[in-house]
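Listed here are the chains, written in short residue letters.
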Amino acid sequence: MAILITGGAGYIGSHTCLELLNIGYEVVVVDNLSNSNKESLDRVDKITGKHIQFYNIDLLDRENLEAVFMENKIDAVIHFAGFKAVGESVELPLSYYQNNITGTIILCQVMQKYNVKKMVFSSSATVYSPTTSGAISEDSPLGATNPYGRTKLMIEEILRDLYVSDNSWSISLLRYFNPVGSHISGRIGEDPNGIPNNLTPYITQVAVGKLNQLRIFGDDYPTSDGTGVRDYIHVVDLAKGHLKAIDKVMIVTGVEAYNLGTGKGYSVLEMVHAFEQTSGKSIPYIIVDRRPGDVAVCYADSSKAKRELGWVAERGIEEMCADAWRWQLNNPNGYHDVEDKVIIGQGS
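Our focus in this paragraph is the layout of surface pockets. Taken as a whole, the second largest pocket holds about 160 Å³ of empty space. The wall of the second largest pocket is formed by Ile23, Asp237, Lys240, Leu243, Lys244, Asp247, Gly310, Trp311, Val312 and Glu314. Of the residues belonging to the lining of the second largest pocket, the class tally is four nonpolar, one polar and five charged.

Written out as C-alpha coordinates, the structure reads:
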(Lines give C-alpha, C1' and ligand atoms only; values in the text may rest on other atoms or scores of the structure.)
Protein backbone atom coordinates (compact mmCIF):
# COMPACT_ATOMS: atom_id res chain seq x y z
CA MET A 1 0.00 0.00 0.00
CA ALA A 2 1.44 3.39 -1.03
CA ILE A 3 1.04 6.58 0.98
CA LEU A 4 1.77 9.95 -0.62
CA ILE A 5 3.27 12.39 1.87
CA THR A 6 3.32 16.05 0.92
CA GLY A 7 6.03 17.95 2.75
CA GLY A 8 7.57 14.62 3.70
CA ALA A 9 11.13 15.98 3.99
CA GLY A 10 10.16 18.22 6.90
CA TYR A 11 10.50 17.62 10.64
CA ILE A 12 7.27 15.74 11.32
CA GLY A 13 7.04 14.43 7.76
CA SER A 14 10.42 12.67 7.82
CA HIS A 15 9.62 10.97 11.14
CA THR A 16 6.26 9.85 9.76
CA CYS A 17 7.96 8.46 6.63
CA LEU A 18 10.26 6.43 8.86
CA GLU A 19 7.41 4.97 10.92
CA LEU A 20 5.39 4.11 7.79
CA LEU A 21 8.36 2.33 6.21
CA ASN A 22 9.00 0.40 9.42
CA ILE A 23 5.55 -1.18 9.30
CA GLY A 24 5.65 -2.02 5.60
CA TYR A 25 4.03 0.86 3.73
CA GLU A 26 5.43 2.18 0.48
CA VAL A 27 6.14 5.89 0.78
CA VAL A 28 6.03 8.51 -1.97
CA VAL A 29 7.11 12.04 -1.02
CA VAL A 30 6.32 15.34 -2.74
CA ASP A 31 8.27 18.31 -1.33
CA ASN A 32 9.58 21.54 -2.87
CA LEU A 33 12.32 21.73 -0.19
CA SER A 34 11.54 25.40 0.53
CA ASN A 35 11.81 24.83 4.28
CA SER A 36 13.14 21.27 4.44
CA ASN A 37 16.13 19.24 3.28
CA LYS A 38 16.32 16.12 1.11
CA GLU A 39 19.08 14.86 3.45
CA SER A 40 16.36 13.96 5.96
CA LEU A 41 14.87 11.43 3.54
CA ASP A 42 18.28 10.07 2.58
CA ARG A 43 18.88 9.38 6.26
CA VAL A 44 15.46 7.75 6.64
CA ASP A 45 16.44 5.45 3.75
CA LYS A 46 19.65 4.52 5.61
CA ILE A 47 17.94 4.00 8.98
CA THR A 48 15.19 1.78 7.59
CA GLY A 49 17.07 0.14 4.71
CA LYS A 50 14.07 1.00 2.52
CA HIS A 51 13.58 3.46 -0.33
CA ILE A 52 11.39 6.54 -0.51
CA GLN A 53 10.20 7.62 -3.95
CA PHE A 54 10.89 11.37 -3.95
CA TYR A 55 9.60 14.14 -6.21
CA ASN A 56 10.87 17.73 -5.93
CA ILE A 57 7.50 19.29 -6.76
CA ASP A 58 5.47 22.24 -5.53
CA LEU A 59 1.78 21.56 -4.91
CA LEU A 60 0.96 24.60 -7.04
CA ASP A 61 2.46 22.69 -10.00
CA ARG A 62 -0.65 20.75 -10.99
CA GLU A 63 0.85 19.11 -14.08
CA ASN A 64 3.78 17.52 -12.27
CA LEU A 65 1.61 16.61 -9.29
CA GLU A 66 -0.71 14.73 -11.61
CA ALA A 67 2.29 12.86 -12.99
CA VAL A 68 2.99 11.53 -9.48
CA PHE A 69 -0.51 10.05 -9.32
CA MET A 70 -0.13 8.58 -12.80
CA GLU A 71 3.22 6.97 -11.97
CA ASN A 72 2.21 5.57 -8.57
CA LYS A 73 -0.86 3.78 -7.25
CA ILE A 74 -1.58 6.05 -4.30
CA ASP A 75 -3.93 4.68 -1.63
CA ALA A 76 -4.00 7.65 0.75
CA VAL A 77 -2.38 11.05 1.34
CA ILE A 78 -0.82 12.59 4.44
CA HIS A 79 -0.75 16.33 3.82
CA PHE A 80 2.02 18.20 5.68
CA ALA A 81 3.14 20.66 2.99
CA GLY A 82 2.76 24.33 3.78
CA PHE A 83 4.42 27.47 5.07
CA LYS A 84 4.47 27.32 8.86
CA ALA A 85 6.00 30.36 10.62
CA VAL A 86 3.47 32.41 12.56
CA GLY A 87 5.50 35.63 12.51
CA GLU A 88 6.29 35.36 8.82
CA SER A 89 2.62 34.74 8.06
CA VAL A 90 1.78 38.14 9.56
CA GLU A 91 4.35 39.78 7.30
CA LEU A 92 3.45 37.78 4.18
CA PRO A 93 -0.24 36.86 4.47
CA LEU A 94 -0.89 36.60 0.74
CA SER A 95 1.99 34.16 0.31
CA TYR A 96 0.58 31.99 3.09
CA TYR A 97 -2.95 31.99 1.71
CA GLN A 98 -1.71 31.31 -1.82
CA ASN A 99 0.67 28.54 -0.84
CA ASN A 100 -1.25 26.75 1.91
CA ILE A 101 -4.82 27.07 0.72
CA THR A 102 -4.41 27.04 -3.06
CA GLY A 103 -1.88 24.20 -2.78
CA THR A 104 -4.39 22.16 -0.78
CA ILE A 105 -7.18 22.84 -3.24
CA ILE A 106 -5.02 21.69 -6.16
CA LEU A 107 -4.02 18.59 -4.20
CA CYS A 108 -7.66 17.73 -3.50
CA GLN A 109 -8.64 18.30 -7.13
CA VAL A 110 -5.90 15.93 -8.28
CA MET A 111 -6.84 13.38 -5.63
CA GLN A 112 -10.45 13.56 -6.76
CA LYS A 113 -9.46 13.10 -10.41
CA TYR A 114 -7.50 9.95 -9.58
CA ASN A 115 -10.10 8.66 -7.11
CA VAL A 116 -7.88 8.91 -4.03
CA LYS A 117 -10.23 10.10 -1.29
CA LYS A 118 -8.43 9.24 1.93
CA MET A 119 -6.45 11.98 3.64
CA VAL A 120 -4.76 12.80 6.93
CA PHE A 121 -4.33 16.55 7.24
CA SER A 122 -1.63 18.21 9.33
CA SER A 123 -3.58 20.84 11.23
CA SER A 124 -2.58 22.70 14.38
CA ALA A 125 -3.69 23.75 17.85
CA THR A 126 -3.43 27.31 16.50
CA VAL A 127 -6.98 26.81 15.17
CA TYR A 128 -8.30 27.21 18.72
CA SER A 129 -9.28 30.55 20.19
CA PRO A 130 -6.35 32.06 22.14
CA THR A 131 -8.75 32.89 24.96
CA THR A 132 -9.16 29.18 25.66
CA SER A 133 -6.97 27.95 28.52
CA GLY A 134 -6.46 24.72 30.43
CA ALA A 135 -7.44 21.46 28.76
CA ILE A 136 -8.50 21.97 25.15
CA SER A 137 -10.84 19.46 23.51
CA GLU A 138 -11.90 19.24 19.89
CA ASP A 139 -15.11 21.04 20.89
CA SER A 140 -13.27 24.05 22.34
CA PRO A 141 -13.91 27.40 20.62
CA LEU A 142 -12.10 27.93 17.34
CA GLY A 143 -10.58 31.26 16.35
CA ALA A 144 -7.12 31.48 14.83
CA THR A 145 -5.45 34.87 15.29
CA ASN A 146 -2.76 34.89 12.58
CA PRO A 147 -2.64 34.04 8.87
CA TYR A 148 -0.84 30.74 9.47
CA GLY A 149 -3.49 29.52 11.91
CA ARG A 150 -6.25 30.83 9.67
CA THR A 151 -4.94 28.82 6.72
CA LYS A 152 -5.17 25.67 8.87
CA LEU A 153 -8.70 26.52 9.99
CA MET A 154 -9.82 27.44 6.47
CA ILE A 155 -8.40 24.21 5.08
CA GLU A 156 -10.29 22.24 7.73
CA GLU A 157 -13.51 23.93 6.55
CA ILE A 158 -12.68 23.28 2.89
CA LEU A 159 -12.17 19.58 3.66
CA ARG A 160 -15.46 19.43 5.56
CA ASP A 161 -17.24 21.03 2.58
CA LEU A 162 -15.54 18.52 0.28
CA TYR A 163 -16.98 15.64 2.29
CA VAL A 164 -20.47 17.20 2.27
CA SER A 165 -20.27 17.33 -1.53
CA ASP A 166 -19.01 13.73 -1.78
CA ASN A 167 -19.56 11.36 1.13
CA SER A 168 -16.97 8.87 -0.14
CA TRP A 169 -14.14 11.02 1.28
CA SER A 170 -12.46 10.02 4.53
CA ILE A 171 -10.39 12.70 6.26
CA SER A 172 -8.67 12.99 9.63
CA LEU A 173 -7.72 16.48 10.84
CA LEU A 174 -4.84 16.16 13.29
CA ARG A 175 -4.39 19.17 15.56
CA TYR A 176 -0.86 19.12 16.95
CA PHE A 177 0.26 20.80 20.12
CA ASN A 178 4.06 21.31 20.53
CA PRO A 179 6.23 18.67 18.79
CA VAL A 180 9.70 18.17 20.27
CA GLY A 181 12.50 15.59 20.26
CA SER A 182 13.86 13.47 17.45
CA HIS A 183 14.33 9.87 16.35
CA ILE A 184 16.44 7.90 18.83
CA SER A 185 19.21 7.48 16.24
CA GLY A 186 19.86 11.23 16.36
CA ARG A 187 20.06 11.24 12.56
CA ILE A 188 16.81 13.05 11.81
CA GLY A 189 15.39 15.94 13.78
CA GLU A 190 14.15 19.52 13.78
CA ASP A 191 16.25 21.79 11.56
CA PRO A 192 14.68 25.27 11.56
CA ASN A 193 15.72 27.95 9.12
CA GLY A 194 17.33 30.85 10.97
CA ILE A 195 16.49 31.56 14.60
CA PRO A 196 14.03 28.94 15.89
CA ASN A 197 10.43 29.90 16.55
CA ASN A 198 9.86 27.00 18.95
CA LEU A 199 11.16 26.53 22.49
CA THR A 200 13.07 23.25 22.30
CA PRO A 201 15.28 23.95 19.25
CA TYR A 202 15.99 27.36 20.76
CA ILE A 203 17.14 25.67 23.99
CA THR A 204 19.26 23.12 22.14
CA GLN A 205 20.93 25.80 20.00
CA VAL A 206 21.81 27.73 23.15
CA ALA A 207 23.23 24.54 24.64
CA VAL A 208 25.36 23.82 21.58
CA GLY A 209 26.64 27.39 21.44
CA LYS A 210 24.82 28.66 18.35
CA LEU A 211 22.73 31.14 20.34
CA ASN A 212 23.79 33.12 23.41
CA GLN A 213 20.72 32.89 25.59
CA LEU A 214 17.07 31.93 25.69
CA ARG A 215 14.36 34.57 25.82
CA ILE A 216 11.41 33.64 28.03
CA PHE A 217 8.25 35.61 27.31
CA GLY A 218 6.85 36.52 30.72
CA ASP A 219 7.34 35.16 34.24
CA ASP A 220 4.21 36.61 35.83
CA TYR A 221 1.60 34.11 34.71
CA PRO A 222 -0.56 32.36 37.36
CA THR A 223 1.47 29.14 37.12
CA SER A 224 3.81 27.33 39.52
CA ASP A 225 6.87 29.33 38.40
CA GLY A 226 5.27 32.22 36.52
CA THR A 227 6.12 30.96 33.02
CA GLY A 228 3.61 29.71 30.47
CA VAL A 229 2.55 26.05 30.48
CA ARG A 230 2.22 24.11 27.22
CA ASP A 231 1.72 20.54 26.04
CA TYR A 232 4.95 19.17 24.51
CA ILE A 233 4.69 15.93 22.53
CA HIS A 234 7.52 13.73 21.26
CA VAL A 235 7.69 13.82 17.47
CA VAL A 236 7.80 10.00 17.27
CA ASP A 237 4.54 9.78 19.23
CA LEU A 238 3.13 12.37 16.84
CA ALA A 239 4.31 10.39 13.81
CA LYS A 240 2.66 7.25 15.18
CA GLY A 241 -0.56 9.21 15.54
CA HIS A 242 -0.54 9.58 11.74
CA LEU A 243 -0.27 5.81 11.36
CA LYS A 244 -3.34 5.36 13.55
CA ALA A 245 -5.16 8.02 11.54
CA ILE A 246 -4.27 6.23 8.28
CA ASP A 247 -5.69 3.01 9.72
CA LYS A 248 -8.89 4.88 10.52
CA VAL A 249 -9.40 6.64 7.18
CA MET A 250 -8.86 3.39 5.29
CA ILE A 251 -11.97 1.82 6.83
CA VAL A 252 -14.45 4.69 7.39
CA THR A 253 -15.74 7.78 5.65
CA GLY A 254 -16.31 11.22 7.12
CA VAL A 255 -14.28 14.08 8.58
CA GLU A 256 -13.05 14.03 12.18
CA ALA A 257 -10.66 16.27 14.12
CA TYR A 258 -8.27 14.84 16.71
CA ASN A 259 -5.98 16.55 19.19
CA LEU A 260 -2.52 15.01 19.44
CA GLY A 261 -0.85 15.90 22.72
CA THR A 262 0.18 14.30 25.98
CA GLY A 263 -2.62 15.82 28.06
CA LYS A 264 -0.01 17.22 30.44
CA GLY A 265 1.49 20.68 30.53
CA TYR A 266 5.05 21.75 31.35
CA SER A 267 6.14 25.30 32.04
CA VAL A 268 8.93 26.94 30.06
CA LEU A 269 11.25 26.78 33.08
CA GLU A 270 10.37 23.12 33.69
CA MET A 271 11.46 22.39 30.13
CA VAL A 272 14.66 24.38 30.63
CA HIS A 273 15.52 22.57 33.86
CA ALA A 274 14.68 19.14 32.40
CA PHE A 275 16.95 19.86 29.46
CA GLU A 276 19.76 21.05 31.75
CA GLN A 277 19.50 17.86 33.78
CA THR A 278 19.47 15.67 30.67
CA SER A 279 22.29 17.42 28.82
CA GLY A 280 24.48 18.59 31.68
CA LYS A 281 24.51 22.03 30.04
CA SER A 282 23.50 25.29 31.67
CA ILE A 283 20.93 27.30 29.69
CA PRO A 284 21.29 31.06 30.28
CA TYR A 285 18.04 32.96 29.83
CA ILE A 286 16.47 36.38 30.21
CA ILE A 287 12.88 37.28 30.93
CA VAL A 288 11.22 39.58 28.41
CA ASP A 289 7.68 40.91 28.03
CA ARG A 290 4.79 38.58 27.40
CA ARG A 291 3.76 38.04 23.81
CA PRO A 292 0.30 39.36 22.90
CA GLY A 293 -2.32 36.61 22.93
CA ASP A 294 -0.35 34.07 24.97
CA VAL A 295 -2.41 32.31 27.65
CA ALA A 296 -1.05 31.00 30.93
CA VAL A 297 -1.90 27.31 30.51
CA CYS A 298 -2.74 25.32 27.40
CA TYR A 299 -2.67 21.54 26.96
CA ALA A 300 -4.51 18.93 24.95
CA ASP A 301 -7.44 16.78 25.88
CA SER A 302 -6.52 13.85 23.62
CA SER A 303 -9.16 11.45 24.94
CA LYS A 304 -10.93 11.39 21.56
CA ALA A 305 -7.75 10.19 19.81
CA LYS A 306 -7.38 7.48 22.45
CA ARG A 307 -11.00 6.44 22.13
CA GLU A 308 -11.39 6.53 18.34
CA LEU A 309 -7.84 6.00 17.03
CA GLY A 310 -6.40 3.87 19.80
CA TRP A 311 -3.54 6.36 20.16
CA VAL A 312 -1.80 7.67 23.26
CA ALA A 313 1.49 9.54 23.69
CA GLU A 314 4.05 7.30 25.39
CA ARG A 315 7.23 9.38 25.78
CA GLY A 316 7.87 11.74 28.67
CA ILE A 317 9.78 14.98 29.12
CA GLU A 318 13.13 13.28 29.85
CA GLU A 319 13.03 11.30 26.61
CA MET A 320 11.95 14.38 24.66
CA CYS A 321 14.91 16.37 25.98
CA ALA A 322 17.43 13.54 25.60
CA ASP A 323 16.47 12.88 21.99
CA ALA A 324 16.42 16.59 21.10
CA TRP A 325 19.90 17.00 22.59
CA ARG A 326 21.28 13.93 20.82
CA TRP A 327 20.12 15.31 17.47
CA GLN A 328 21.51 18.81 18.11
CA LEU A 329 24.82 17.61 19.57
CA ASN A 330 25.57 15.42 16.59
CA ASN A 331 24.16 17.85 14.01
CA PRO A 332 25.03 21.32 15.34
CA ASN A 333 24.22 22.85 11.95
CA GLY A 334 21.32 20.52 11.22
CA TYR A 335 21.31 18.87 7.82
CA HIS A 336 23.88 21.38 6.61
CA ASP A 337 26.59 19.38 8.38
CA VAL A 338 28.68 17.55 5.80
CA GLU A 339 28.81 14.22 7.56
CA ASP A 340 25.91 11.97 8.45
CA LYS A 341 27.28 11.06 11.86
CA VAL A 342 26.39 7.68 13.27
CA ILE A 343 26.00 7.57 17.01
CA ILE A 344 27.67 4.62 18.69
CA GLY A 345 25.26 2.48 20.66
CA GLN A 346 22.06 3.87 19.18
CA GLY A 347 19.97 1.72 16.91
CA SER A 348 17.20 2.47 14.49
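Picking up after the structure, the text goes on.
Here the focus is empty space enclosed by the protein. Empty space among the atoms becomes apparent when a probe as large as a water molecule is rolled across them. For the structure shown, the criterion picks out two cavities of 30 Å³ or more. In this structure, the largest cavity encloses a volume near 70 Å³. Secondary-structure elements contributing two or more residues to the lining of the largest cavity are helix H7 (199–207) and helix H11 (317–330). For the lining of the largest cavity, a count of residues per class yields four nonpolar, four polar and one charged. There is about 40 Å³ of room inside the second largest cavity. Around the second largest cavity, the lining residues are Ala81, Gly82, Asn100, Thr104, Phe121, Thr151, Lys152 and Ile155. No other element matches the three residues that helix H6 (residues 147–165) contributes to the lining of the second largest cavity.

Moving on, we get to the sheet that holds strand E3 (residues 53–55). Taken together, the seven strands give an open sheet; going across it, the order is E3-E2-E1-E4-E5-E7-E12, and neighbouring strands pair in parallel fashion. Two strands in the sheet have a free side with no partner beyond their single neighbour: E3 and strand E12 (254–260). Across the sheet, the axes of successive neighbouring strands diverge by a mean angle of 20°, strand direction being ignored. Where strand E4 (residues 74–79) meets strand E5 (residues 118–124), three bridges bridge the pair, whose relative direction is parallel. Of the residues in E5, the one forming a bridge with valine 77 is methionine 119. Each of E5, strand E7 (170–176) and E12 touches H6; the most contacted strand, E5, lies at about 155° to it.

Pairing is possible between side chains of opposite charge, provided their charged atoms come close. Across all of its chains, the model carries 12 salt bridges by this definition. The closest approach of N and O atoms between lysine 113 and glutamate 66, which form a salt bridge, is 2.9 Å. Of this pair, lysine 113 sits in helix H5 (residues 93–113) while glutamate 66 sits in helix H3 (residues 62–71), and the two are 47 residues apart along the sequence. Taking the relative accessible area as the measure of exposure, lysine 113 reaches 56% and is therefore exposed. When salt bridges that share partners are traced, they join Asp237, Arg315 and Glu319 into one network.

Sheet architecture is open: four strands sit in the order E6-E15-E10-E13, paired in mixed fashion. Looking at the sheet topology across the chains shown, the edges are occupied by strand E6 (134–136) and strand E13 (266–267). Pairing between E6 and strand E15 (residues 297–300): three bridges, direction parallel. Across the sheet, glycine 134 pairs through a bridge with cysteine 298, a residue of E15.

Our next topic: the environment of threonine 131. Topologically, threonine 131 is positioned in the loop between E5 and E6. Considered as a pair, threonine 131 and tyrosine 96 are 35 residues apart in the sequence and their alpha carbons are 24 Å apart.

As a further point, take the packing of aromatic side chains. The full count for this structure, using the stated rule, is four aromatic pairs. Summarising the aromatic geometry, the rings of phenylalanine 275 and tryptophan 325 are spaced 5.5 Å apart at their centres and angled 90° between planes, so their arrangement reads as edge-to-face. With phenylalanine 275 in helix H9 (residues 268–279) and tryptophan 325 in helix H11, this pair connects stretches of sequence that are 50 residues apart. No difference in accessibility class separates phenylalanine 275 from tryptophan 325, as the two residues are buried. For the pair tryptophan 327 and tyrosine 335, a centre-to-centre distance of 5.0 Å together with 55° between the ring planes defines the contact as tilted. For the pair formed by tryptophan 327 and tyrosine 335, the shared burial category is buried. Here the guanidinium or amino end of arginine 290 rests over the ring plane of tyrosine 221, the centre of that ring lying 3.9 Å away. Just above the ring of tyrosine 258 sits the side chain of lysine 304; from NZ or CZ to the centre is 5.1 Å.

Okay, H6 next. Its 19 residues place the ends of H6 26 Å apart at the C-alpha level, agreeing with the 27 Å of an ideal helix rising 1.5 Å per residue. Three or more residues of H6 are buried, namely Pro147, Tyr148, Gly149, Thr151, Lys152, Leu153, Ile155, Glu156, Leu159 and Leu162. As for H6, its buried residues are in contact with helix H4 (86–91), H5, E5, E7 and E12.

What follows deals with the side chain of serine 36. Mapped onto the fold, serine 36 is located in the loop between strand E2 (26–30) and helix H2 (39–48). Polar contacts involving the side chain of serine 36 include one to the side chain of aspartate 31, which spans 2.9 Å. Those residues in contact with serine 36 that sit more than four places away from it in its chain are Ala9, Gly10 and Asp31.

Let's shift gears to the environment of valine 86. Along the chain, valine 86 turns up in helix H4. Taking C-alpha positions, valine 86 is 12 Å from serine 124, a pair spaced 38 residues apart along the chain. With near-sequence residues (within four places) excluded, valine 86 lies in contact with Asn146 and Tyr148.

Rules of the game
Residues numbered from 1 in each chain as written. Predicted model: local features only at pLDDT ≥ 70, side-chain atom pairs only at ≥ 80, totals over all residues. Heavy atoms only, no water. 1 Å grid on protein atoms, 1.4 Å probe; cavity = no way out; pocket = protein on both sides within 12 Å on 5 of 7 lines; lining within 4 Å. Points joined across faces, edges and corners; volume = space filled by probe spheres on them. Nonpolar A, V, L, I, M, F, W, Y, C, P; charged D, E, K, R; others polar. Helix = DSSP H or I, 4+ residues; strand = E, 2+ residues; numbered from the N terminus. Pairing = 2+ DSSP bridges. Axes fitted to C-alpha atoms, helices over the stretch in contact; angles between N-to-C directions. Contact = heavy atoms within 4.5 Å. Salt bridge = Lys/Arg side-chain N within 4 Å of Asp/Glu carboxyl O. Buried < 20%, exposed > 50% of the residue type's maximum accessible area, 1.4 Å probe, protein only. Phe/Tyr/Trp six-rings, centres within 6.5 Å; stacked < 30°, edge-to-face > 60°. Lys NZ or Arg CZ within 6 Å of the ring centre and 35° of its normal. Expected span 1.5 Å × (residues − 1). Polar contact = N/O pair within 3.5 Å; in protein donor to acceptor, adjacent residues only side chain to side chain.

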